Structures are given as C-alpha cells and as structure tokens.
Amino acid sequence: MSSFLPLLLAFGFINLPMLGWLAAAAAPILIHLWSRQKYREVSWAAMEYLLAAMRRRTRRMQFEQWLLLAVRTLLIVLLVLAVAEPFLEQVGLASVAVGRTHRVLVIDGSYSMAYQPNDRSRFEQAKALARRIVEESHQGDAFALILMASPPRIVVGTPAMEPGEVLAEIDTLKRLDTSIDLPTTVSEIEKVLENARRESPGINRHEVYFLTDLQREGWSPKLNAAAMAQFRRRIKSVAEKAALVVIDLGQSDAENIAVSGLRMLDPVATMAESVQFEATLQSFSTRPKSQQLVELFVDGRRVKETSVELPAGAEVNVSFTYRFETSADHVVEVRSPGDALEVDNHRWAAVPVRQAIRVLCVNGRPSGEPFHGATDYLVRALAPQRDDGQPSLVDVDVTTESALQERELSGYDVVFLADVAQLTAGETRVLNGYVRSGGNLVFFLGAQVVADRYNRELGGGRRGVKRLLPAVLEDVAAPGMYLIDPLEYRHPMLRAFRGNERAGLLTTPITQYVKLRVPDDTKAAVVAAVGPGDPLIVEEPIGHGRVVLVGTSADTSWTPMPIGPGYVPLVQELLAFCLSSQQRQRSLLVGQALNMSVAAAASEVDATVERPDGAVRALPLECDGDYCHVEYSDTLLSGIYTARFASPVDRSASFAVNVDTAEGNLTQLSETELRDKVWPDIPLLVQTTWQNFEPPTTGSVAPRGSVPVDLLYVVLGLLFVESLLAWRFGYHA
C-alpha cells in the first residue's frame, strides 16, 4: 500500500540564519516608492501636449516598470536562498520523519592500525571509509570526528554541516604510536553528543561509527569494579542518545614480531670499555620464525647483525657489544624487519657516553693520616685498583665542606657527603639545585652529624626550603653489634648480592647508626635495614635526580665494613644504581614527558625540542631557585627526541621514546566478547564496511549541493534578463 502514498517535499536549510537577509528583497520596492515621492507636479502649458501623448502609453510603461521591479526583487530572494544552502527531498510519508542525521566518526589511531595487509594500512582504510560515509550521506547531515588514541582527541566537536571541511580534517588525520583509551573515548563521545543536542536541535538522529581493528588489548580495558561500572553506565547513556556501529577493519590471521626491549647492561657507557646491550624479541605469531634478522645501528649506521630462531609466541634475548669512540650522546637502535607492522620493529636507546665517571666526595672530617678521614675508604672503594693495570673508570675529587659552595656540581655524576656536621642555607640551596636538575647525592652519616640541623635544612623543616632527605634523622642507636637485613634483596641496589651470602654484607656488623624514619607520603624506598628493623639505607627520586641516605659511617668509626670484603661491592652497586637512574630518565614510553634541567643562570636561554618527524618546538623554561628545567609531554610518536639549550649554555640531551608493545599483539576481540564482556546489553551493529542503515525512502533525494547550484544558475539568468529588459525598455541609462 506504501506505493500509493502521495509524495511530499521535505525541505530545509543548512545555513538557516542567512534567511534573515530576505528583508533586503524589499529594497527595490522601497526605492521605487521613494522615487515616486521625490517628484512634485507643476502645471505647465507646454507639457499638456506631451501628457496627452503619454497617456496613450501609460499602461505599457506601468507593465514594464512592474516587470523590472519583480525581476530585481526575485534576484535578491534567490541569491539569499542559494547562500542559505537549501536541501530538498522528495519522499513518501514513511520517510519524512527521518530528517537530518548527526554522524560521529571515531577513527582508531592506535599503532596496531599501522598494520598493512595489502597496499594500504588499516588506518588508511579507516580514513577512506570515513570519507565514503561523509560523501554518501544526505544533504543537511552533520558530522563530528574523534581520533581514538591514548588520550583521545576531538578533531571536529561541533556538528559540521559542510562536508568539505570534514573531508579535509580526515585527510590530514595522523595515526599515533599509542594504544587506545576506550573509557575516555566514550566520555568524549558523550560530550560531543550533548553538544550536538544543545547547539543543533534540528538534528533528530545521531549515529556513532567506530572504525577500528578491535585489537584485544585496547578493547578490553583493565578497570576495577567501580571504574568498569561507570564505564558501562556511560556507554549505556551514549547508546540511548545514538545508534552504535562498529566497523571491524582487522584480520583474524594477523601476526607480528616486535622488539619489546632494549637495555644497556652496564650502568654507564664510557670510551674505555665496550658496552653490552640486550634486545628482546617478542613473537605474537602462531608460527615459529626461522633465521629472524636482528640488526644493531649506532647513530643511524648499521654496525652489527645476527639471526635467531624465534619460537611461536615466545621471547628471545639477543646481545650485542659495542665500543664508542667519542664522548657524546649516541643513538642506539635495534631493528628486526620483515612483517606487516613496521612500527614496533624498532627500539631505540639514548646513550650518553663519558670519558670517565666523575665523582665528588665531601670530607666532613679531614685527616693528615691515611684512612683516618671520613672519605678515605670511600675513595678507595669508588676507584679500586684494576687487575689489568688500567686506570679506573671513576675519577674522584675530594673537597671539604667549607669549599662545597665554590664547586660547580653540574660536572659531577654523583656527589658523596661523609660525616658532614651541618650545612648552611647556601650549601643546601646548591645541593637542592644539583639534585633537582638531575644529579645524584649520597649521604653517609657519622658522629659529627647534627640531626636537628639536617632535618631543618635538608628535611623540609624550614619554611621555603624544599625537602632533600628521603628520611627523618632521629636518635643515634646505642652501641652494639647489629647485622644488616637485605630485605630479601628486593631492591635493585642489592640484587647482585643474592646468592653471594659470603660476600660479607650479612656478616659484617654495624656498631652504631642513626635511626631513620621514612615518611608515609613520599616515594622513598628502604634498601636495607639493621638491628630491630630500623631502615639503614633509604633512597628516593627527588626532582630529576636521586638521593641515597646511609644511616652509618663511610669509614670504620661506626662499622668495620670498610675493611671487610663487602664494602667495595656495596659502594660500587650504590654508584651503579645512581648512574643507571640517569640512564632510565633517557628511556621513555610513548606519552611520557621528557625533562631536562640547567643552572638558573640560563633562565634567559632559548630551549627547543626536535621531534622524530623533524619538527622543532620551542619550550618554556620554568625556574626554581638554582636550576631551570623544561618539560615536553607531546611524545605520542616513537623515536628520538633531542632537547637543546642555546648559547651560551650549548647543551643538548637525547631521549629515546618507544612504544608499549602490548599493542603489538594483534589478536582481535570477537563480536561475542564485545557484546557479552565489554558492552553487555548495549544495542550495537557490527559491520565490516559502511552500510547506511537509515529507513528506506519511497522517493528520490536531491543530490548533495544541487539545489544551491541550481539557484545560482537562475540568478545568473535573471541578471541577463534584467539587463536585456532595461535596455529594451529604454531604462538602461
């Protein structure tokens, strides 16, 4: 019976406010009336003859004038209507209620979308499909565009009526090297829908399209019970406002191999010795890979390669050694090419290479006799004599507490203070600036230490002075024979002692120590304890550096350890831990912020960062006390970032930003899992391509943009007709 329904015209305008200019159509009429009123009739005998002749032509002239007036008025009306962009649908009764549709295009921009099964990646396929959705939509439909990543990004938030603008945004959209944040994406979609309902009440239908590969890691958010309940309430709210469509662009048989790790096994790289690197290959494949190529690049030049057997679904470690020839920041890269997802076939490391490790020891109790000063044993442990007769890799300077403030600390990798009685406000300020700009500071206590002064100047007890100590100093323990508790060797500083109980760490007693109390609201970690469970060694990252606090002395005044076999390994592990923390600051995951600091004297220096894509961004400096630092958080592309301070500082640092290879597991979430586990009881449609599921119309739809163009053609025709009539009637002058 629907075939007998009468056809109706569904008519509307995209730029509705433009219709206000229709008032201008009254201008020709007003001009005509005003022209008639400005003449005054004057009786004149000579004119009587002419008037008698003109009366015969009055009717024809009136007709000519009214015709020109109508043409000119119609010109203005049609021009305004064309600019208002009308759309016209000739439909049956069943489809008049469909009206305009708001389509929210959510494109998965995670790095698994870089998988390229053919001549186009999944991301390029998603963009092409988004273009098709826009181009095949009806005149008057609106669009929004969201890039689904971590974090997601709203590209077009307000309903866009002009398809050309949306298509341009789709064309310039770039994929990121992140995973997806599905809960936050749903929250952003809800904001876009609420904004559309508020700003475009004429839209009566909303649709949300997820163009994605349904990668399991991203589509199975790991949330606690409360967060999961909130996530499902939000998607339910979205489903009540809009129809949900998931367009699956993934492949069930996709496989991948990723370089999931790259680490330098030595705590620091110097020119004196070869450095060992270890890379980890992860197979996300169901088939083993024979003779998988692995290459080592240094500063963009391939220096070594090997092949490994990679079992299905397994990890394999590959080791390389390399000796650097110059002291500078070097870029180390491991590649394992050969699959359809190129993004995670690389992994980088930024390696600062030194001529030597520079250490400063501040002696709080100098002595003219050997091994009677507070730092004498410490210096020997830091730079022990090597068996091969070569000079030590550690270059140690010794100074007194009174000369500390005159030293330029930025040139030292680690600063040790041994039994320094107290520090002045100026010395505290210098140490604070050194640590917060990336330096490492180690305190050994002793009989001269004034605990109250330490707590006030270094523990945050004085107003305006930032805390530098990882623990509060309390009373000195009564003399006794206390043994060290390694706390199951959980801390990386002591892991080298696991299984080496005879090294002397556990058997050498501590006769005296300062009791330390670790605050609850800090990041401080207890490395080792002593006696009845009191912390003995405490460390904490502070600013961009690290502080280690040892509750006993560095010499034999409070412990015989410096003359035992465990002292040198303990000091070496402490030094290695501090140096490795500097190396860890140069290795980041995508999305983590990079930081770099310099002395406060550089507050007027320009700072920039160069991104992996070659773009250079200016960085604002934030100064605090004796140091200034920069921070850059837009690290959503993997690769090498280089931060630079201009002259006169002339300092640069490279940072390696790598992907989280959990996204490299291309296993898909099935439609059943999506419906049952992620979005239970949520109505949604799963497709593999774009299919317009609007109710079918019984008539025809005017092509997009045809009505405004037709009106402009009519306007051009009327302009020609108006000129021709004015010339024909003799009014052209």
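The structure we're discussing is the one just above.
About the cut-offs
- Residues numbered from 1 in each chain as written.
- Predicted model: local features only at pLDDT ≥ 70, side-chain atom pairs only at ≥ 80, totals over all residues.
- Heavy atoms only, no water.
- Helix = DSSP H or I, 4+ residues; strand = E, 2+ residues; numbered from the N terminus.
- Buried < 20%, exposed > 50% of the residue type's maximum accessible area, 1.4 Å probe, protein only.
- Contact = heavy atoms within 4.5 Å.
- Areas by Shrake-Rupley, 256 points an atom, 1.4 Å probe, with all protein chains shown as cover.
- Expected span 1.5 Å × (residues − 1).
- Core = buried A, V, L, I, M, F, W, Y, C linked by side-chain atoms within 4.5 Å.
- Disulfide = S-S within 2.5 Å.
- Pairing = 2+ DSSP bridges.
- Axes fitted to C-alpha atoms, helices over the stretch in contact; angles between N-to-C directions.

## Looking at the overall build of the protein chain
Within the protein chain one finds 14 helices and 35 strands. Here the protein chain, with 733 residues, has 48% of them falling under the buried criterion. Look at the contacts in the protein chain between residues 6 or more apart in sequence, and 74% of them connect residues 24 or more apart. When the accessible surface of the protein chain is summed, it comes to about 35,400 Å², and 53% of that surface belongs to carbon and sulfur atoms.

## What about helix H6 (residues 182-199)?
Compared with an ideal rise of 1.5 Å per residue, which puts 18 residues at 26 Å, H6 spans 26 Å between its outermost C-alpha atoms and is within 8% of the ideal. Every buried residue belonging to H6 is among Leu182, Pro183, Thr185, Val186, Ser187, Glu188, Ile189, Glu190, Val192, Leu193, Asn195 and Ala196, and all of these are buried.

## Some points on the nonpolar core
Counting residues in each nonpolar core, the largest one holds 55 residues, and the members touching the most others are Leu105, Tyr209, Leu211, Ile247 and Leu594. The leading source of residues in this core is helix H4 (residues 122-135), at six residues. Setting aside residues up to four positions removed in sequence, Leu211 forms contacts with Val106, Ile107, Asp108, Met113, Ala126, Leu129, Ala130, Ile247 and Leu249. Counting residues in each nonpolar core, the second largest holds 43 residues, with Cys361, Ala554, Met561 and Leu574 among its members.

## Things to note about the state of the cysteines
Overall, the coordinates contain one disulfide when judged by the stated rule. Between the sulfur of Cys623 and that of Cys628 lies a disulfide, 2.0 Å long from S to S. Because the torsion about its S-S bond is 100°, the bridge between Cys623 and Cys628 counts as right-handed. Residue Cys628 is classed as buried on the basis of its relative accessible area of 0%.

## Quick look at the sheet that holds strand S5 (residues 153-160)
Strand order in the open sheet made by the six strands is S5-S4-S3-S6-S7-S34, with mixed pairing throughout. The sheet is open, and its two edges are formed by S5 and strand S34 (685-687), each paired on a single side. Averaged over all neighbouring strand pairs, the angle between strand axes comes to 15°, with direction disregarded. On top of the sheet, H6 reaches strand S3 (100-108), strand S4 (142-148), S5 and strand S6 (203-212); it is set at about 20° to S5, its chief contact.

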